[in-house]
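# Observations on chain architecture
Read off the chains here:
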Amino acid sequence: MTDQTASEIPTLQDIVIVWFKRDLRFTDHEPLYVAQQQNLPILLIYCFEPTVMDYPDSDVRHWRFVYQSLQDMQSKLDGLNAKIYIFHNHITTVFQSLSEKYNIKNIYSHQEIGNKITYDRDLDIQKFCLEKQIEWIEYQHNGVIRRLKSRKNWEQRWTQKMEEYPKIVNETQWNLMNLDDAFFQDLKGPELSIQITSNEPAFQPGGETNAWKYLQSFLIERNVNYSKHISKPQLSRKGCSRLSPYLAYGNISMRMVYQYTMQHYKTASNKRALSNFVSRLYWHCHFMQKFEDECRMEFENVNRAYDSMVKTKNEAYITAWQTGTTGVPIVDACIRCLHTTGYINFRMRALVVSFVVFNLWQDWREIKYFLAKLFLDYEPGIHYPQLQMQSGVTGVNTIRIYNPIKNAQEHDVEGIFIKTWIPELKNVPTPLLYEPWKMTSIEQEMYKVIIGKDYPAPIVDIDESRKAASDIVWAFQKTKAVKVEGDRILQKHVNNPSRPRNS
Ligand SMILES: Cc1cc2nc3c(=O)[nH]c(=O)nc-3n(C[C@H](O)[C@H](O)[C@H](O)COP(=O)(O)OP(=O)(O)OC[C@H]3O[C@@H](n4cnc5c(N)ncnc54)[C@H](O)[C@@H]3O)c2cc1C
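Residues numbered from 1 in each chain as written. Predicted model: local features only at pLDDT ≥ 70, side-chain atom pairs only at ≥ 80, totals over all residues.

## Brief notes about the overall build of the chain
- Helix and strand counts for the chain stand at 25 helices and five strands.
- Taken against the 2.2 N^0.38 rule, which gives 23 Å for 503 residues, the C-alpha radius of gyration of the chain at 25 Å falls within 12% of a compact globule.
- Projected onto its principal axes, the C-alpha coordinates of the chain cover approximately 90 × 60 × 50 Å.
- Split into buried and exposed, the 503 residues of the chain put 41% on the buried side.
- In the chain, the share of contacts with a sequence separation of at least 24, taken over all contacts with a separation of at least 6, comes to 80%. (Helix = DSSP H or I, 4+ residues; strand = E, 2+ residues; numbered from the N terminus. Rg over C-alpha atoms; globule rule 2.2 N^0.38 Å. Buried ≥ 20, exposed ≤ 12 C-beta atoms within 10 Å, placed from the backbone. Contact = placed C-beta atoms within 7 Å.)

## Notes on the pairing of strand E2 (residues 42–47)
- The element E2 is extensively covered by neighbouring structure, given that six of its six residues are classed as buried.
- Side-chain alternation along E2 places Ile42, Leu44 and Tyr46 on one buried face and Leu43, Ile45 and Cys47 on a second face that is also buried.
- Sheet topology note: the strand E1 (residues 13–20)/E2 ladder contains five bridges and is parallel. By the bridge assignment, Val18 is partnered in E2 with Leu44.
- The β-α-β motif built from E1, the intervening helix H1 (residues 30–36) and the parallel element E2 has right-handed crossover chirality.
- Alignment of E2 against strand E3 (residues 84–87), held across four bridges, turns out to be parallel. (Pairing = 2+ DSSP bridges. Right-handed = clockwise from strand over helix to strand, strands pointing away.)

## Here we look at the site of the ligand
- Around the ligand, a shell composed of 28 residues is seen, among which Cys240, Ser241, Ser244, Arg280 and Phe346 lie nearest.
- Contributing elements (two or more residues each) for the shell around the ligand: helix H12 (244–248), helix H14 (271–293), helix H17 (346–359) and helix H19 (380–390).
- The leading source of residues in the shell around the ligand is H14, at six residues.
- Its residues assigned to classes, the shell around the ligand comprises 16 nonpolar, seven polar and five charged.
- Split by domain, the shell around the ligand shows at least three residues from each of two domains, domain 2 (207–292) and domain 3 (297–493). (Near = placed C-beta within 6 Å. Nonpolar A, V, L, I, M, F, W, Y, C, P; charged D, E, K, R; others polar. Domains from an automatic or database assignment.)

## Description of the environment of Leu98
- Tracing the backbone shows Leu98 in helix H4 (residues 91–101).
- Overall, Leu98 belongs to the buried group, with 21 C-beta atoms counted inside 10 Å.

## What about the sheet that holds E2?
- Taken together, five strands build an open sheet; the order of strands is E3-E2-E1-E4-E5 and the sheet is parallel. The sheet is open, and its two edges are formed by E3 and strand E5 (135–139), each paired on a single side. For this sheet, the mean angle separating the axes of adjacent strands, direction not counted, is 25 degrees.
- Those strands touched by helix H3 (residues 60–77) are E2 and E3, and its axis lies near 150 degrees from that of E3. (Axes fitted to C-alpha atoms, helices over the stretch in contact; angles between N-to-C directions.)

## Here's the deal with unusual backbone geometry
- You will see that Asn81, though not glycine, has its phi angle at about 55 degrees, which is positive.
- Structurally, the position occupied by Asn81 is in the loop between H3 and E3.
- Given 8 C-beta atoms within 10 Å, Asn81 falls into the exposed group.
- Here the phi dihedral of Asn153 falls at roughly 65 degrees; this positive angle occurs in a residue that is not glycine.
- Among the secondary structure elements, Asn153 is positioned in the loop between E5 and helix H6 (154–163).
- The exposed category is assigned to Asn153, around which 10 C-beta atoms lie within 10 Å.

## Topic: the domain arrangement of the chain
- Its domain assignment divides the chain into domain 1 (10–139), domain 2 (207–292) and domain 3 (297–493).
- Spacing between the C-alpha centres of domain 1 and domain 2 amounts to 28 Å.
- Taken together, the contact pairs 15 residues of domain 1 with 15 residues of domain 2.
- Grouping the amino acids of the side of domain 1 that touches domain 2 by side-chain chemistry returns six nonpolar, four polar and five charged.

## Examining the nonpolar core
- Membership of the largest hydrophobic core comes to 112 residues, with the highest contact counts inside it found for Ile17, Val18, Ile45, Cys334, Val352 and Ile418.
- If we skip the residues at most four places from it in the chain, Val18 touches Pro31, Leu32, Ala35, Ile42, Leu44 and Tyr108. (Core = buried A, V, L, I, M, F, W, Y, C linked by C-beta atoms within 7 Å.)

## A few points about the packing of H4 against helix H5 (residues 116–132)
- Here H4 crosses H5 at 15 degrees, and the two axes come no closer than 10 Å. Comparing their axes, H5 and H4 come out roughly parallel. Both H4 and H5 take part in a crossing whose hand is right-handed. For the pair formed by H4 and H5, the contact residues are Ile91, Thr92, Phe95 and Ser99 on the first element and Arg121, Asp124, Ile125, Phe128 and Lys132 on the second.
- When the residues that make up the contact of H4 with H5 are grouped by side-chain class, the tally is four nonpolar, two polar and three charged. (Parallel < 35°, antiparallel > 145°, perpendicular 65-115°, else oblique. Left-handed = near helix turned anticlockwise from the far one by under 90°.)

Quick look at the structure:
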């Protein structure tokens, strides 16, 4: 080893890093806004992390959306001779190598309300930053408050956050830096798979530009039927905002959605629709706050008293449900539609969950990752609390066991949704479509579908299974143990614990 005097030690260039995660946009981006004020070169990075991609909730559809979002961001940088550096590597390896080449003053990012793997990853990064004396500053994600002491005034704090002036960066003043190409090539990791980098037109396309298009078309035109169509599996595809994946991957901030909606509200002809919509923006953060405050919800019943409720895994039932072959048309149509498009509306999500956890009497944990993979808009902070609420294991929400026949008759009146996703039933007239097993053998011949051969007979008796589940869950709901835990949950997660809410 040779001795080096202080003057011989090469000084590393000072830089700051903006680390993009589920905040894939440039508009109203606080980490970027603050980084810009440091008067240091800014390195923009995103990392496709192998461990996160291997986690059981992850699907190629999510990474394709992320990739498209990054492409959209890059297209805005092209004219500036700048880049967002995309790695497919372990983030600790990336930061380690960058810290050997540069003096990283700060890392800026948004707080991530994620699953167990991203939580653990954040702990590793915290440790790394401490060792390297790098200041990692994380900013609040939408309306969700980290280390929240109490839900008191949370609603007011949410509104205040939504009404704050957005953090707009001035593109002409960006001081973005480029990495040495050889260094980047060494560090960037393997190419992403073709499934991630190629388009899949059946899914909503990612990116900030698309987020704004969806928001504008909803506020200008599509909102007129919002309240009327929100529960309809077919019509909701146009009548709802469809902003969920854009919010989940941060292609648009909640604050921008809120502020644009309030601007339109003043002149809107359908004010009720827009105020219903704003309530849902609030719910988005409300559910995420619950998860932020009690992230064990990914694995455990939020109400521990339900731990003693016995459900035995039935592989055949789960497979039938997962493949859209339960023999109950609306359930099968929803699951098949999810496989192909990544979206169904709220009521149909609640209905398919109700069917598997009540009629098929399966534990929500058996299907949590399967649904997470199917939802293009998968947001852990909404997914797990919603899943538990719909599974009747919170002890504080009304238990809803959805009747799949009645719901199909009411919300898929002409049967278009069912026929689209179950072509086996395309010739069956609507009155018979919802319960095809009731067709006579002559009708089955006539409509070219033999039940049990071309399309399955229902795997359970709907009425009997509903009654059996209902007896158990209502008996549980009345126990002292559920109530005690229920009080704890209300104290922790509700603004006004004396008033149980339906959210
Ligand atoms: C079991 C289950 C799992 C769910 N998992 C997710 C998920 O992973 N990601 C997700 O974004 N939504 C989830 N939801 C909530 C809801 O179904 C979707 O947000 C909604 O269908 C998205 O469509 P949209 O954007 O057109 O909604 P809109 O009705 O236009 O609402 C606007 C936005 O408000 C939020 N929102 C709407 N409804 C709810 C709700 N009930 N709870 C919380 N936020 C809401 C969403 O961000 C949505 O984009 C889940 C619901 C259930 C029952």
